[in-house]
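If you want the building blocks of each chain, they are given just below.
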Number of protein chains: 2
Amino acid sequence: MEQNKIPQATAKRLPLYYRFLNNLYQQGKMRVSSKELSEAVKVDSATIRRDFSYFGALGKKGYGYNVEYLLGFFKSTLDQHEITNVALIGVGNLGTAFLHYNFLKNNNIRITMAFDADESKAGKEAGGVPIYHVDELEDKIEGTEVAILTIPAEEADTAANRLVDLGIKGILNFTPARITVPSNIRVHHIDLTVELQSLVYFLKHYPLEAE
Amino acid sequence: MEQNKIPQATAKRLPLYYRFLNNLYQQGKMRVSSKELSEAVKVDSATIRRDFSYFGALGKKGYGYNVEYLLGFFKSTLDQHEITNVALIGVGNLGTAFLHYNFLKNNNIRITMAFDADESKAGKEAGGVPIYHVDELEDKIEGTEVAILTIPAEEADTAANRLVDLGIKGILNFTPARITVPSNIRVHHIDLTVELQSLVYFLKHYPLEAE
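As a convention, each chain's residues are numbered from 1 in the sequence order in which they are written. Working convention: letters from A go to chains and numbers from 1 go to ligands, in the order in which they are written. With the structure being a predicted model, the display of local features is reserved for residues of pLDDT at least 70 and the display and counting of side-chain atom pairs for 80 or more, all residues being used for whole-chain, interface and lining totals. Here the side-chain values reflect all heavy atoms present in the structure, with hydrogen atoms and water set aside.

### Quick word on helix H7 (residues 156-165) of chain A
All names here are of chain A. So the rule is basically this: The buried label applies to any residue whose accessible area, calculated with a 1.4 Å probe on protein chains only, is under 20% of its type's maximum; exposed applies above 50%, and partly exposed to all values in between. What counts as a helix is a DSSP run of H or I of at least four residues, what counts as a strand is a run of E of at least two, and both are numbered from the N terminus. In this context, the arc is that of the directions from the helix axis out to the C-beta atoms. The contact criterion used throughout is that any non-hydrogen atoms of two residues lie within 4.5 Å.
Burial in H7 covers these residues: Ala156, Ala159, Ala160, Leu163 and Val164. In an axial view of H7, the angular spread of the buried residues amounts to 135 degrees, which keeps them on one side of the axis. In H7, the exposed positions that point more than 90 degrees away from the buried face belong to Thr158 and Asp165. Of the surrounding secondary structure, the elements contacted by the buried residues of H7 are strand E3 (84-89), helix H6 (137-140), strand E7 (146-149) and strand E8 (170-173). Of the residues trailing H7, Gly167 is marked for its positive phi of about 100 degrees.

### A closer look at the environment of Asn22 of chain A
Along the polypeptide, Asn22 of chain A turns up in helix H1 (residues 8-26). Not counting residues within four places of it along the chain, the set of residues in contact with Asn22 of chain A comprises Leu71 of chain A together with Arg178 and His189 of chain B.

### Notes on the packing of aromatic side chains
Counted only if it meets this: The rule is short: rings of Phe, Tyr and Trp, with Trp giving its six-membered ring, pair when the centres are within 6.5 Å, and they are stacked under 30 degrees, edge-to-face over 60, tilted in between.
Inspection of the entire model under this criterion finds eight aromatic pairs over all chains. Considering the side-chain rings of Phe115 of chain A and Tyr132 of chain A, the 5.7 Å spacing of their centres and the 40 degrees angle between planes classify their relative orientation as tilted. Linking Phe115 of chain A in strand E4 (residues 109-116) with Tyr132 of chain A in strand E6 (residues 129-133), this pair joins segments that are 17 residues apart in sequence. Using a relative accessible area of 0% as the deciding quantity, one classes Phe115 of chain A as buried. We classify Tyr132 of chain A as partly exposed; its relative accessible area is 21%. Measuring from centroid to centroid gives 4.9 Å for Tyr17 of chain B and Phe52 of chain B, while their planes differ by 85 degrees, and the two rings are edge-to-face.

### Here we look at the sheet that holds E3 of chain A
All names here are of chain A. Put simply, the test is: Two strands qualify as a pair provided DSSP detects at least 2 bridges between them.
If you walk across this open sheet you meet the seven strands as E5-E6-E4-E3-E7-E8-E9, and the pairing is mixed. This sheet does not close on itself; its edge strands, each paired only once, are strand E5 (125-126) and strand E9 (186-189). Bridging between E5 and E6 involves two bridges; their strand directions are antiparallel. The residue bridging Ala126 from the neighbouring strand is Val129, located in E6.

### Comments concerning the pattern of salt bridges
Pairing between side chains of opposite charge can happen when their charged atoms approach one another. Residue and element names in this part refer to chain B. Condition: Definition used for salt bridges: Asp or Glu carboxyl oxygen within 4 Å of a side-chain nitrogen of Lys or Arg.
Under the criterion given, the structure shown has four salt bridges over all chains. Note that Lys121 and Asp116 form a salt bridge whose closest N and O atoms lie 3.9 Å from each other. Owing to a relative accessible area of 27%, Lys121 belongs among the partly exposed residues under this scheme. A salt bridge links Glu138 to Arg162; its shortest N-O distance comes to 3.1 Å. Of this pair, Glu138 sits in helix H6 (residues 137-140) while Arg162 sits in helix H7 (residues 156-165), and the two are 24 residues apart along the sequence. Judged by relative accessible area, Arg162 falls into the partly exposed class, the value being 28%.

### Digging into the UniProt feature "binding site: NAD(+)" (unreviewed entry) in chain A
Residue and element names in this part refer to chain A. What counts is decided by this rule: UniProt positions are given in the numbering used here, feature names are shortened, and annotations may be inferred rather than shown by experiment.
In the numbering used here, UniProt assigns the "binding site: NAD(+)" (unreviewed entry) feature to Gly90, Val91, Gly92, Asn93, Leu94 and Gly95. By the secondary structure assignment, Val91 is in the loop between E3 and helix H5 (93-100). In this structure, Val91 is in contact with Thr96, Leu99, Ala114, Phe115, Asp116, Lys121 and Ile131, ignoring residues within four places of it in sequence. On the secondary structure map, Gly92 appears in the loop between E3 and H5. Aside from chain neighbours lying at most four places away, what touches Gly92 is Asp116 and Lys121.

### Focus on H5 of chain A
By the criterion of burial, H5 of chain A is predominantly enclosed, with six of the eight residues buried. When we look at burial in H5 of chain A, the residues that qualify are Leu94, Gly95, Thr96, Ala97, Phe98 and Leu99 of chain A.

### Notes on the relation of the copies chain B and chain A
Put simply, the rule reads: Only residues with pLDDT of at least 70 in both copies count here: their C-alpha atoms drive the least-squares fit that superposes the copies.
Overlaying chain B on chain A yields an RMSD of 0.0 Å, the required transformation being a rotation through 180 degrees with an accompanying axial translation of 0.0 Å. What we have between these two chains is a two-fold relation. Mapped onto chain A, 100% of the interface residues of chain B again fall at the interface, so both copies present the same surface.

Now the structure itself:
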């Protein structure tokens, strides 16, 4: 593993900063003050300034930080030098969307294989990724540490446990189900309901203002 | 709009708390101390205790907070009493997955219509939602304030601007593209690349320990 130069406490705030800055960028904002950032992400200004100094971003008085520069830095930091192979479990609509998405072409994370319980999908490919029958998991998955779950909710727990037994260390869970795994397995859950609810909640309670 | 009983500063921390607690729950953890929470979400313990008191969650000394109770509270708070209609733009694999997902059946957010540029999809339905040709946007979308974008990245900006002109106030952007909209439009961006990169980053730099 390469040396991690950013303190762990700072690194843990990266996704927080990233998400907020990404939203700003989408609204066409090119700069942000540490005060605005502080209010939005609920981290005090002094900590933000110290964190950002690790990123080589020195805010200018009366200007603030360059949003695009920071986003570029976060993207390159999150990108790894080492290649990571990922297995996708469940080639339904969502899984197929993932396989066809070209979003992974520019970085070092690769979906190298996909699995489905449907015999008719086995032996085919989608987006250049071979699809195997799920019975072949044991034969094929060796050396893969990350899996994306895009299967029906009711199969999530069984699949997760089988993956963990086969050496998977990290799971990106796109099913609405919560899964129970040992404490050394990292699970990130993208809950589409919550993402939509959160947007609606903020829309109703905190309307934004036109400039 | 109904009265919002939680202070705005507290409400803004909800998604932060939600995400962390959801991960804990998935790892099978049933309780959490305010110290652990504080370290994870980078909010000081006193603030967390005050926030949680609004949720009716009073941590017990030597026990902490009940993870499941808190999650239940967050879910019901994010759920709205008013029904919100949502339009989905782009009935490809990702859009179709959304339409078939049963994740929205239990709350007050409904995808009521979908649009696609493909003439052969118009007039059909998916998951019980009617699909219209995108030329019908102007006729159909009146009264809808939220849109989900599941179209190719290169069409995202044009589509977003057209939606804003038609009165859309909030956009859930699932394309890899950033979109530029007026400052009073709320955009939440789910960047699948970043979600996967973030999982891999944490996996490599901060391995979790077996209990």
